[in-house]
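# Architecture at a glance
For reference, the chains in residue letters:
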Amino acid sequence: MKIAVIGCGLVEMEAARHLKRAGHEVTGTTTRESRVEELSRVLDHVAVLRGSDSDELARLLEDKDVVIVTVSGGMFAQAGKGTVRAPDLYKSIYIDTATSLNNVLAKNASIKQVIYTSAETVYAGIDNGPIVENIKLHEQSKDPATAIFVETERLVAQARSPDRKVYILRLAIVYGMRFCMELMIDH
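Turning our eyes to something else, we now look at the side chain of Arg-35. Examined against the element boundaries, Arg-35 turns out to sit in the loop between strand 2 (25-30) and helix 2 (36-40). Residue classification places Arg-35 among the buried residues on the basis of a relative accessible area of 7%. A polar atom in the side chain of Arg-35 sits 3.1 Å from the side chain of Glu-38.

What follows is the structure, given as structure tokens:
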């Protein structure tokens, strides 16, 4: 299979390694030219693009079977302020990418499966006990990032059709090279 990975962070690079070992051709994306060499060591092909760029995304997906959407960003550590969430950045990364993806998939017949990684924060009442799949989504969240995750899931789900499956995976916190505990601690 030919698989496109939109956004190549820690989880996605491990997924790409696994997919390549299984014999799949994997193309990944980054928004930074400076990451091409690093990603080329793992991926078959690397494209520099923003998920919101419909024309580039359409070219990338025209012959792929599966697309895994794993974009991330919008949260960063700022000296003296702890963790900062930038709602405009979240919107441009998540909602604009999902909107562009839907526009592209409306004209694409090759993609048979969409996998989108979301966050566990979409669950309402997350602080009240264990998370289980039947917990309602936090549709009225006052946290802009959570509201954007919920909206992005809704948009991605619209790509579902009789010929295309859509899976949404809700990940908890992922720690690693570019994301560490220091980003989660308010000073």
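Next comes the rest of the account.
This part covers the packing of aromatic side chains. Scanning all chains against the criterion turns up three aromatic pairs. Centroid distance Tyr-90 to Tyr-94: 5.7 Å. Interplanar angle 20°. Geometry classified as stacked. Separated by four residues within a single helix, Tyr-90 and Tyr-94 lie in helix 4 (residues 87-105), roughly one turn from each other. Accessibility expressed as a relative area gives 3% for Tyr-90, which makes it buried. The exposure class of Tyr-94 is buried, given its relative accessible area of 5%. With 5.9 Å between their ring centres and 90° between their planes, Tyr-90 and Phe-149 make a pair best called edge-to-face. Of the two residues, Tyr-90 is situated in helix 4 and Phe-149 in helix 5 (residues 144-157); the sequence distance between them amounts to 59 residues.

Conventions adopted
- Residues numbered from 1 in each chain as written.
- Predicted model: local features only at pLDDT ≥ 70, side-chain atom pairs only at ≥ 80, totals over all residues.
- Heavy atoms only, no water.
- Helix = DSSP H or I, 4+ residues; strand = E, 2+ residues; numbered from the N terminus.
- Buried < 20%, exposed > 50% of the residue type's maximum accessible area, 1.4 Å probe, protein only.
- Polar contact = N/O pair within 3.5 Å; in protein donor to acceptor, adjacent residues only side chain to side chain.
- Phe/Tyr/Trp six-rings, centres within 6.5 Å; stacked < 30°, edge-to-face > 60°.

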